[in-house]
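# Examining the three-dimensional arrangement
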Amino acid sequence: MLIIQGTTPVKNANAFIFGMLVPVCVILSPAFPFLIKESAIFLWMVMFPIYVFRIKNLQGVLLLLLTALFLNIQSFGFPIDYPQKLMYSLISIFTMSYVFLANCRLDFESVKKISLGLGYGSFCLNIITIVCMYLITLGIVDILYLAEIFKFPDNIGLFRFSLGNAIEVPFLTTICTILSVRYLKSQWVILLFVAVNFMAVFIAQSRGVMLISVLHIISIYPKQSFLFKSGVPIIIFVAFFYYFDEVSIVLDSTIARFSGVDLGSTDSRMHYFKVVFDNINAQTLILGEGLLSSQRLLFDITGQLKSIESALVELIYEFGFFVSGLLLLPLITRMNHIGLIKNIPIYFYIILGQIFLLLNITPMFGLIFGLLMLLLESYRINNKFKTKSILIV
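Since the structure is predicted, the reported quantities are computational estimates derived from the model, not experimental observations. (Residues numbered from 1 in each chain as written. Predicted model: local features only at pLDDT ≥ 70, side-chain atom pairs only at ≥ 80, totals over all residues. Heavy atoms only, no water.)

So, on to the packing of helix α5 (residues 108-137) against helix α8 (residues 187-204). For the pair α5 and α8, the least separation of the axes is 9 Å and the interaxial angle reads 45°. By the criterion of interaxial angle, the relationship of α5 to α8 is oblique. The two elements α5 and α8 meet at a crossing, and its hand is left-handed. The segment α5 lies against α8, with Gly119, Tyr120, Phe123, Asn126, Ile127, Ile130 and Met133 engaging Val189, Leu192, Phe193, Val196, Asn197, Met199, Ala200 and Ile203. Residue classes in the contact of α5 with α8 are distributed as 12 nonpolar, three polar and no charged. (Axes fitted to C-alpha atoms, helices over the stretch in contact; angles between N-to-C directions. Helix = DSSP H or I, 4+ residues; strand = E, 2+ residues; numbered from the N terminus. Parallel < 35°, antiparallel > 145°, perpendicular 65-115°, else oblique. Left-handed = near helix turned anticlockwise from the far one by under 90°. Contact = heavy atoms within 4.5 Å. Nonpolar A, V, L, I, M, F, W, Y, C, P; charged D, E, K, R; others polar.)

So this is what it looks like as structure tokens:
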């Protein structure tokens, strides 16, 4: 077992099971009984970042305390009608800051097993998604029943089908798949993980996640064996023709989304952008308007507590440029230390773009950024080994 100084070894089986439970608890938690559901939410909102990361220096602790103090100040005066939204936003931003300031507490083998567990958990969920869609087309499963459990729109049929949010769910499984592929050795397993994940992403029709999946496949394609290079297109094409009736349900709308005929949520997002930008002034850019102020602004306009669907704009409007920059500076510093262009692939930047430009601040922020920090850690270790190899040569 490779043990890196300052890290903690964990039993491989425990790490694997823990990793597998994370995506399962995130996506399937709406179907759990109440007490188990709450425990599952706690697992992926709080337990995963704490289990994998820790702050090792006084400077990081002080910065985290400063973040907590500022969040408390910025949340002052928020209407008590929405305590859950307030709590989720506080936890999301706090855990994001925590993983940015922290280092991985686990040894290499434990990180590897967690990553593999994440991949296997996501693979199972992707299979469940594909099977559910197939059973719905056969009339065996009622889509209204699933919509009631997983809270997705029940009036659009199989358009953008997913067990939950059609962006967040495939986004999470894609990140888990990408992370696990870095540690998988079996070409057959890599082939299955990548192909099945792409099918689930295709069904959900999230353009940003499709782009991430395609770029990831392109990035690993030259490094794989003939089995992978021929297997991925074969599996996708066979599935396409064998399940043509089912695939055709989403194919037309997918083409429409990419061609611009169907802009998805772009129109509403641009409208929300305009509302926020029209209300920005110098004081807002410097100090911000306070936690969830962007949602309160949209509530005044629309009558509903909506999100602007852009985490970066939310951060700037609510906290100002200075504090937003301080929150994101540890991430930028870590990426720069690893190698912004040389050692970090392009799909990682598309992932960041998806988070900051196309997603709002969600309860999954701590988990998503925890996974991205593990991904950055894998790039760092890979670069470290490359450097040692060069020196030995």
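So that's the structure; there's more coming.
This part takes up the side chain of Thr362. Its location among the elements puts Thr362 in the loop between α16 (346-358) and α17 (365-392). In this structure Thr362 comes out as buried when scored by relative accessible area, which is 6%. Apart from the residues within four sequence positions on either side, Thr362 is in contact with Ser92 and Glu168. (Buried < 20%, exposed > 50% of the residue type's maximum accessible area, 1.4 Å probe, protein only.)

This next bit is on unusual backbone geometry. Of note, Leu292 is a non-glycine position whose phi angle comes to about 65°, a positive value. Inspection of the secondary structure puts Leu292 in the loop between α13 (282-287) and α14 (293-302). Looking at Leu292, the relative accessible area reads 2%, which means it is buried. The phi torsion at Glu309 lies on the positive side, around 65°, for a residue other than glycine. Owing to a relative accessible area of 22%, Glu309 belongs among the partly exposed residues under this scheme.

The next subject is the environment of Met45. Secondary-structure assignment places Met45 in helix α2 (residues 34-52). In the structure, Met45 is positioned 320 residues away from Phe365 in sequence and 8.0 Å away in space, judged by C-alpha atoms. Beyond its immediate stretch of four places on either side in the chain, Met45 contacts Tyr88, Ile91, Thr95 and Pro363.

Below, the discussion takes up the pattern of salt bridges. Tallied over the full model, the rule gives two salt bridges. Two residues, Asp278 and Lys274, come together in a salt bridge whose shortest N-O distance is 3.1 Å. Separated by four residues within a single helix, Asp278 and Lys274 lie in helix α12 (residues 266-278), roughly one turn from each other. Residue Arg380 pairs with Glu377 through a salt bridge whose shortest N-O separation is 2.6 Å. Here Glu377 and Arg380 lie together in helix α17, a separation of three residues that amounts to about one turn. (Salt bridge = Lys/Arg side-chain N within 4 Å of Asp/Glu carboxyl O.)

Looking now at the packing of aromatic side chains. In total, this model carries 13 aromatic pairs according to the counting rule given. Centroid distance Phe273 to Phe277: 6.0 Å. Interplanar angle 55°. Geometry classified as tilted. Separated by four residues within a single helix, Phe273 and Phe277 lie in helix α12, roughly one turn from each other. The exposure class assigned to Phe273 is buried, which follows from its relative accessible area of 15%. For Phe277, a relative accessible area of 46% translates into the label partly exposed. Each ring, one from Phe365 and one from Phe369, has its centre 5.1 Å from the other, and the planes form 85°; the classification is edge-to-face. Highlighted residues: Phe365 and Phe369, both in helix α17, separated by four residues, approximately one helical turn. Judged by its relative accessible area of 3%, Phe365 is buried. Here the aromatic cluster, defined as three or more aromatic residues joined through ring pairs, consists of Phe16, Tyr120, Phe123 and Phe193. (Phe/Tyr/Trp six-rings, centres within 6.5 Å; stacked < 30°, edge-to-face > 60°.)

Attention shifts here to a nonpolar patch on the surface. Together, Leu58, Val61, Leu62 and Leu65 line one region of the surface with nonpolar side chains, adding up to about 390 Å² of accessible area. Positionally, Leu65 belongs in helix α3 (residues 58-74). Residue Leu65 is classed as exposed on the basis of its relative accessible area of 54%. (Patch = residues over 30% accessible without salt bridge, like charges linked within 9 Å, V, L, I, M, F, W, Y side chains within 5 Å. Areas by Shrake-Rupley, 256 points an atom, 1.4 Å probe, with all protein chains shown as cover.)

Phe161, Phe369 and Leu372 are the most contacted members of the largest nonpolar core, which totals 108 residues. Looking at this core, the element that brings in the most residues is α17, giving 12 residues. Contact partners of Phe369, with chain neighbours within four places excluded, come to Met96, Val99, Phe100, Leu352, Ile355 and Phe356. Residues Phe273, Val276, Leu297 and Val313 belong to the second largest nonpolar core, which totals nine residues. (Core = buried A, V, L, I, M, F, W, Y, C linked by side-chain atoms within 4.5 Å.)

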